[in-house]
Amino acid sequence: MININIICVGKLKEDYLKNACAEYEKRLGAFCKLRITELTPARLPESPNEAQIEAALSDEGERILSKISPSDGVFALCIEGKEMSSESFSKEIEKCAVSGFGTLCFIIGGSHGLSSAVKSRAKYRLSMSPMTFPHQLARVMLLEQIYRAFMISSGGKYHK
């Protein structure tokens, strides 16, 4: 069974998001060993300047990288990442599963994104859409797409 670790900056605040994630976590139990690692966002002033944002990203990046092992396959969710269909995403997960990665790590940054160090470590840069979404909603969307990917691979009826 494949290991999947979702590393996120920030905690879910809204019950509806928590409930949606819990549902997909339950469904994914049949396909993978899932772990969600939540990291505290770096503190920033109300109107941070560019240097403060870069320092925060660097701090968050170091903590994210400390949670990744050398044998992990890393997907960084970022705006400049590649968009792919659910079918293509399913195939990428299948390829990773047979490529010897100990764990697949999916990284969701905070509201300012991810550090360049995290993006450099990633094997894949993934964009959910050209649209902008709250980073907390990204977790629900990612869990749904991972579940969909496993259903596609297994020939399940979820994906139509």
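As a reminder, the structure under discussion sits directly above these lines.
If you're wondering where the values come from, they're calculated on a predicted model, not measured in any experiment. (Residues numbered from 1 in each chain as written. Predicted model: local features only at pLDDT ≥ 70, side-chain atom pairs only at ≥ 80, totals over all residues. Heavy atoms only, no water.)

1. Describing the overall build of the protein chain
Which entries qualify depends on this criterion: Secondary structure is summarised from DSSP: a helix means a run of H or I of at least four residues, a strand means a run of E of at least two, and numbering begins at the N terminus for each. Radius of gyration here uses only the C-alpha atoms, and the compact-globule reference equals 2.2 Å multiplied by the residue count raised to the power 0.38. A 1.4 Å probe rolled over the protein chains alone gives each residue an accessible area, and that area as a share of the maximum for its type sets the label: buried under 20%, exposed over 50%, partly exposed in between. Any two residues whose heavy atoms approach within 4.5 Å at even a single point are treated as in contact.
When helices and strands are tallied, the protein chain shows five helices and five strands. The globule rule puts the C-alpha radius of gyration for 160 residues at 15 Å, and the 15 Å found for the protein chain is close to it. Each principal axis of the C-alpha distribution contributes one length, and for the protein chain these read about 50 × 35 × 25 Å. Per-residue burial over the protein chain gives 42% buried out of 160 residues. In the protein chain, the share of contacts with a sequence separation of at least 24, taken over all contacts with a separation of at least 6, comes to 84%.

2. Here we look at the pairing of strand β4 (residues 103-108)
Heads up, the rule is: Here the rule is simple: two strands pair whenever DSSP picks up at least two bridges between them. When the strands point away from the viewer and the connection leading from the first strand across the helix to the second strand turns clockwise, the crossover is called right-handed.
With six of its six residues buried, β4 lies for the most part within the structure. Alternating positions in β4 separate into two faces, Thr103, Cys105 and Ile107 on one and Leu104, Phe106 and Ile108 on the other, with burial throughout. Pairing between strand β1 (residues 2-9) and β4: six bridges, direction parallel. Residue Asn5 lies in a different strand from β4, and its bridge partner there is Cys105. One ladder, built from five bridges, connects strand β3 (residues 73-82) with β4; its direction is parallel. Within β4, the residue paired with Ala76 across the bridge is Ile107. Chirality of the crossover, the property in question, places the unit of β3, helix α3 (residues 86-98) and β4 among those that are right-handed.

3. So, the side chain of Lys119
Locating Lys119 in the fold gives a position in helix α4 (residues 116-121). On the accessibility criterion, Lys119 (17% relative accessible area) is buried. Not counting chain neighbours up to four residues away, the residues in contact with Lys119 comprise Cys78, Glu80, Leu114 and Arg125.

4. A look at the pattern of salt bridges
Condition: When a carboxyl oxygen of Asp or Glu is within 4 Å of a side-chain nitrogen of Lys or Arg, the pair counts as a salt bridge.
Taken as a whole and judged by the stated rule, the model has nine salt bridges. When the shortest N-O distance is used, the salt bridge between Lys95 and Glu92 registers 3.1 Å. Placement of the pair is Lys95 and Glu92 together in helix α3, with a separation of three residues, close to one helical turn. Judged by relative accessible area, Glu92 falls into the buried class, the value being 14%. Members of the salt-bridge network, linked through shared partners, are Lys11, Glu38 and Arg139.

5. Thoughts on the packing of aromatic side chains
The test is simple: In this analysis, rings of Phe, Tyr and Trp, with Trp reduced to its six-membered ring, are considered paired at centre separations within 6.5 Å, and the interplanar angle assigns stacked below 30 degrees, edge-to-face beyond 60, and tilted for intermediate values.
Going through the model one piece at a time under the given rule, you end up with seven aromatic pairs. Considering the side-chain rings of Tyr24 and Tyr147, the 6.1 Å spacing of their centres and the 50 degrees angle between planes classify their relative orientation as tilted. Pair noted here: Tyr24 is in helix α1 (residues 15-28) and Tyr147 is in helix α5 (residues 135-154), with a separation of 123 residues, a long-range link. Since its relative accessible area comes to 14%, Tyr24 is described here as buried. Ring geometry for Phe75 against Phe106: centres 4.5 Å apart, planes inclined by 20 degrees, an arrangement best described as stacked. With Phe75 in strand β3 and Phe106 in strand β4, this residue pair connects regions lying 31 residues apart in the sequence. Side by side, Phe75 and Phe106 carry an identical accessibility label, which is buried. An aromatic cluster of at least three residues, connected via ring pairs, comprises Tyr24, Phe31, Tyr147 and Phe150.

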